[in-house]
Amino acid sequence: MSEIEKKDQASTHKIGIYLWIWGLLFVLSFFSYMVDWYQFQGLLRWSLILFFMFLKAGLIMAFFMHLFWERYALVNVLLWPMTAIACFVFLMVAEFQYTVFTRLFYFFVGG
Amino acid sequence: MSDPKIEGLELKPGFKGMAQDTSSDQTMFKGVHWGKAMMWIFLLSDTFIFSCFLISYMKGRGSTPVEWPNPSEVFALDAFGVPVPLLLIAIMTFVLITSSGTMALAVKYGYEKNRKMCGWLVLATALGGLTFVGMQAFEWSKLIHEGVRPWENPFGAPQFGSFFFMITGFHGTHVSIGVIFLFIYAYKVFAGHYDEQKRGWFTSMKGDYVEIEILGLYWHFVDLVWVFIFAFFYLW
Amino acid sequence: MSEDLNNNKTIQAQSSETLTGGGAGAAPDVDYVRPAEVQDQDLYHGHSFITKWIFCQDAKVIGVQYFLLATFTGIIGLILSWLMRLQLGFPGAAGFMTAEHYYQFVTMHGMIMVVYFLTALFLGGFGNYLIPLMVGARDMVFPYLNMVSFWSFFVAVAVLMASFFVPGGPTGAGWTLYPPQTILEGTPGSGAGILLMCLSLILFVAGFTMGGLNYLITVLQARTRGMTLMRMPLTVWGIFTATVLAMLAFPALLVGALMMSLDKILGTSFFMPTILKAGEVLEYGGGSPILFQHLFWFFGHPEVYIVALPAFGIISDLISVHARKNIFGYRMMVWAIVGIGALSFFVWAHHMYVSGMNPWFGFFFATTTLIIAVPTAMKVYNWILTLWKGNIRMNVVMLWCLGFIVTFVNGGITGIFLGNVSVDVPLSDTYFVVAHFHMVMGIAPLMVIMGAIYHWFPLVAGRFLDEKLGKWHFWATFLGAYSIYFPMHYLGFIGVPRRYFEMYDSPYMTSAVGMNEFISLAAFLVGAAQFILIFNIIKTLKTGKPAGKNPWKANSLEWLTPTVPPEHGNWGDRLPVVHRWPYDFSVPGAKEDYITQTTPPSEVLNTGVEKT
């Protein structure tokens, strides 16, 4: 019951691309480690962390998990649900700020 | 992988192709093996699990009234008498990425029906995963030794330990399950189950090297999650 | 792999008119359908009793297993509701009933009905039985996983039931399980009860994930030739979208249950703030109770639609078949289902208006909540327009359909009330809320389940259910349910709070006492009426009228199997080939008032049938 395999003709990708991505991942991991090593703080630290993180995640998904070569039907099915996660994250940021605010408010001002 | 050949259908690329695939009969993901589609959807679901963990961690860390411990110091390791921040974590990250690379190559050689190469690479991946789990066990025992518990720790907010053990534990469980399957599949590759299309133990499906890709998806996902945990838990 | 073998198989699987010649006289390419992409599925056929009926890999048997087990838990839930109504209508009438018991029954009733009854019944029961048949597959794509899915559900139910027998009894924190009270001493079942509940939920989610992957991949990747997504019956669309929601929403529940278990077992403080108890500070501190509420409702609101969407889909099919008319606005119905599904992830905190969350959220979530009412309302219009000038068969199935529309509209409108923050605040935690959600996701889906049972029983068992008993069953349930929940709206308006064990001498007591008695009597009646169905099924299995093939003259594939009831593998030697949507009823110029999905275009050349 497997699919009809036409994989013999289907392109397997050149080994070079994997090695490249592999190397890039090492470099990016090294960079994100350096963010901590040099103790960047504040906005710079967070934006660098996020930048390297998303780049690494993107490379893994696109090339190691072959999403770059997959048809858009699959790619879109996989990526659109992330909007729900994004909304959840966004709202929870607002929520923890409010929680901290009420905690400190009642701590200093009283109930 | 890419560009499947479908009888009686000329596949278009891009969004046109997406509309075509979606409105066509039989399959929506053209040329995608059932098991591979299943693994993708499962990983999507799993993504939501890890997202919920990380969102909870964000909410917990953001709203705790006590100072959050500095991960850079907590996870520092003495190397030659000098404390190096996040040393072990850095090594773990490199190990995991290495294993991810070997897995990607294993998938490639699997599709080329290069049994030996594929088998050795899957085995290498399994060993990489095992190393990772071992180092995680070391990390856990070190922290426990230092007095970090799920309910308290000497460094600051008690939620630090709770989230640390829960999230890395859940990730470690995924890695461990992956390692077990990697060993099983390494055996199956070496035994030639995919060359002779031997049916699996619990399924009437015929064996095929696509299974290596399916396993690879899972393994890369584990790596992917680690990227996020590394960024949010250790670096943030 | 060997290419030749595969190619041969492919040709065998092309079971159709393209090879054997279709309708006479027509141009041959009218009936052309693309050859099969996927080779025919190899199935494991059980031979012993155990592999055929217990650890069975046939989706149809698994569906029936799910159905029976879900019904069993549903009956437990029904009995619990009886006990609750006994206490509320006639306080003290049941001698053993303490406040603790009452809360435990409330909790277990809610959890059982929502998760273990409705979800399992719609997705596990109807999903397993109908999806492969309706999309023209031989079975689910991963039969073994499907079997494991059911047995995980079985273990989950067993664990849940076990919590009745542990010291302290089942958890009594309400089905939403809000911490901190859930795991604090003083709440009934805060020890073993809540742990077993969490364990059971985790098992359920794990089992459901296995089943859900099956449903999704079967719909996406294993449709038969000619079956496009837009030719699927709405039943499949409803179940499919609900499964997508389940796959994305259950993770939040899993995470919540896991973290709560850790709070209980290890003493972590994920959800536990600093708590003073009898002057003493507990060991917990710094956690966020509202986080659990967000996690729970991030699951909980999609869960509402996990129950509702299959009901929407099934009712569309039932109405169309029994009104002998195509469903009005099929594409709109599909997009409404998909849209509701997508939106349902952005409305969750409308359950939390009074929880003390960030006050700005009320604005956001009230807006999204009112937006989600739009596609829902479109569906209601479409059902009514489908009935409009239809050739309606006033049989039991149609009665349930009409009952569904009425109850659903009723519950939906009260939902608009509750979706607005300023209206919700005085109404929250009153019987108005109880009336709302029982109407919209209790009674309405139940009407669909009943209609679906009367509709598909001839397929599953090969015999018609008795119409006369069915009508008794319907009218008792419908009128009884209204007698229960209509007065509850009023109770809510006068401010009677929900989840109270007894009203004692509060001012509510005097004005609500008669009404509470009436509601309780109606509840006993409605519960008892359900046993008419069980009697009907038992009677029918012995003496019912044989149904034969396609008794309702429906179009969709499940009625077109070579044998009734369908065998394992569903389709005999050849898979069906689909040429149209399943709603070609009363087509002008056609010989009969229905054109099945497998009818090739060449056979209906001179009719008003539209291309679908």
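Residues numbered from 1 in each chain as written. Chains lettered and ligands numbered in written order. Predicted model: local features only at pLDDT ≥ 70, side-chain atom pairs only at ≥ 80, totals over all residues.

**Q** A description of the overall build of chain C should follow, citing residues and the corresponding values.
**A** Scanning chain C from terminus to terminus reveals 16 helices and two strands. Its C-alpha atoms give chain C a radius of gyration of 25 Å, near enough to 25 Å, the size a compact globule of 612 residues would have. Per-residue burial for chain C yields a buried fraction of 57% across its 612 residues. Across chain C, contacts joining residues at least 24 apart in sequence account for 79% of those joining residues at least 6 apart. (Helix = DSSP H or I, 4+ residues; strand = E, 2+ residues; numbered from the N terminus. Rg over C-alpha atoms; globule rule 2.2 N^0.38 Å. Buried ≥ 20, exposed ≤ 12 C-beta atoms within 10 Å, placed from the backbone. Contact = placed C-beta atoms within 7 Å.)

**Q** Give me the lowdown on the overall build of chain B, citing residues and values where you can.
**A** Helix and strand counts for chain B come out as seven helices and two strands. Sequence-ordered secondary structure for chain B, helices as α and strands as β, is α-α-α-β-β-α-α-α-α. Taken along its principal axes, the extent of the C-alpha atoms in chain B is 65 × 40 × 30 Å. Expressed as a percentage of its 236 residues, the buried residues of chain B come to 53%. Expressed as a percentage of contacts within chain B between residues at least 6 apart in sequence, the contacts between residues at least 24 apart total 68%.

**Q** I'd like a description of the confidence of the model for chain C, backed by residues and values.
**A** All names here are of chain C. With 95% of its residues at a pLDDT of 70 or more, chain C shows a mean pLDDT of 90. Taken together, the stretch residues 1-26 has pLDDT below 50 and engages in 43 contacts with residues farther than four places along the chain or on a different chain. Interface confidence for the predicted complex, expressed as ipTM, amounts to 0.94; the pTM equals 0.93. (pLDDT = per-residue confidence, 0-100.)

**Q** Quick rundown of the nonpolar core? Include the residues and the values.
**A** Formed by 295 residues in total, the largest nonpolar core has its most connected members in B:I41, B:V122, C:I217, C:I315, C:W400 and C:A444. When residues in this core are grouped by element, the largest group, 24 residues, is from helix α5 (residues 99-135) of chain C. Dropping the residues within four chain positions of it, C:W400 is found in contact with C:M447, C:M450, C:G451, C:Y454 and C:F474. (Core = buried A, V, L, I, M, F, W, Y, C linked by C-beta atoms within 7 Å.)

**Q** Any details on unusual backbone geometry? Residues and values, ideally.
**A** All names here are of chain C. Of note, the amide linkage connecting P179 to P180 takes the cis form, showing an omega dihedral of 0°. One can find P180 in the loop between α6 (143-162) and α7 (192-221). A cis geometry characterises the amide bond from V564 onward to P565, with omega recorded as -10°. Within the secondary structure, P565 sits in the segment after α16 (507-543). Although it is not a glycine, L177 adopts a positive phi angle of roughly 55°. Among the secondary structure elements, L177 is positioned in the loop between α6 and α7.

**Q** Could you give an account of helix α7 (residues 210-235) of chain B, with specific residues and numbers?
**A** All names here are of chain B. If you check α7, its first and last C-alpha atoms are 36 Å apart, about what 26 residues at 1.5 Å a residue would give, namely 38 Å. The principal kink in α7, of about 30°, is found at I229. Of all 26 residues that make up α7, 25 are buried, and the element is covered over most of its length. (Expected span 1.5 Å × (residues − 1). Bend = angle between axes of the 7 residues up to and from the residue.)

**Q** I'd love a proper account of the interface of chain B and chain A, names of residues and values included.
**A** Opposite the 55 residues of chain B that make contact, chain A presents 50 residues. Those elements giving two or more residues to the side of chain B that touches chain A turn out to be α1 (14-23), α2 (34-63), α4 (87-111) and α7 of chain B. Across the side of chain B that touches chain A, the residue classes tally to 30 nonpolar, 15 polar and ten charged. (Nonpolar A, V, L, I, M, F, W, Y, C, P; charged D, E, K, R; others polar.)

**Q** Outline the domain arrangement of chain B, supporting the account with residue identities and numerical values.
**A** Under the domain assignment, chain B is made up of domain 1 (1-31) and domain 2 (33-235). Between the C-alpha centres of domain 1 of chain B and domain 2 of chain B there is a distance of 33 Å. (Domains from an automatic or database assignment.)

**Q** Account for the packing of helix α9 (residues 289-322) of chain C against helix α14 (residues 431-460) of chain C, naming residues and giving values.
**A** Residues and elements named next belong to chain C. Contact pair α9 / α14: the axes reach a minimum separation of 9 Å and the direction vectors enclose 40°. By the angle between their directions, the pair α9 and α14 is classed as oblique. Of the two possible hands of crossing, α9 and α14 adopt the one that is left-handed. Where α9 approaches α14, its residues V304, V307, A308, A311, I314, I315 and L318 are matched on the opposing element by M441, A444, P445, V448, G451, A452 and H455. A class-by-class count of the residues in the contact of α9 with α14 yields twelve nonpolar, two polar and no charged. (Axes fitted to C-alpha atoms, helices over the stretch in contact; angles between N-to-C directions. Parallel < 35°, antiparallel > 145°, perpendicular 65-115°, else oblique. Left-handed = near helix turned anticlockwise from the far one by under 90°.)

**Q** Can you break down the packing of helix α2 (residues 42-64) of chain A against α7(B) residue by residue, with the values?
**A** Contact geometry of α2(A) with α7(B) gives a least axis separation of 10 Å together with a crossing angle of 180°. By the angle between their directions, the pair α2(A) and α7(B) is classed as roughly antiparallel. Where α2(A) abuts α7(B), its residues A:I49, A:M53, A:K56, A:A57, A:I60, A:M61 and A:F64 lie against B:H220, B:D223, B:L224, B:V227, B:F228, B:A231 and B:L235.

**Q** Residues and numbers for helix α3 (residues 72-79) of chain A, please.
**A** Count 3.6 residues to each turn of an α-helix, and residues three or four apart come out pointing the same way. Taken residue by residue, α3(A) has A:A73, A:L74 and A:V77 as its buried positions. All buried residues of α3(A) project into a common sector of 95° when viewed along the axis, lining one side. Contacts made by the buried residues of α3(A) are with α1 and α2 of chain B. (Arc of directions from axis to C-beta.)

**Q** Give me the lowdown on the environment of C:A158, citing residues and values where you can.
**A** Structurally, C:A158 can be placed in helix α6. With 42 residues separating them in the primary sequence, C:A158 and C:S200 have C-alpha atoms 8.2 Å apart.

**Q** Quick one: what's the story with the environment of C:S316, residue by residue and with numbers?
**A** Residues and elements named next belong to chain C. Turning to its location among the elements, S316 is positioned in helix α9. Separated by 66 residues in sequence, S316 and N382 place their C-alpha atoms 8.9 Å apart. Those residues within four positions of S316 in sequence are excluded, and the remaining contacts are L234, I327, M333 and W383.

**Q** Before we move on, could you go through the environment of B:W226 and cite the residues and values that matter?
**A** Residue and element names in this part refer to chain B. Residue position: W226 is located in helix α7. Taking the C-beta count within 10 Å as the criterion, W226 has 23 such neighbours and is therefore assigned buried. A C-alpha to C-alpha distance of 17 Å links W226 and S72, two positions 154 residues apart in sequence. When neighbours within four sequence positions are excluded, W226 is seen to be in contact with T93, L96 and H171.

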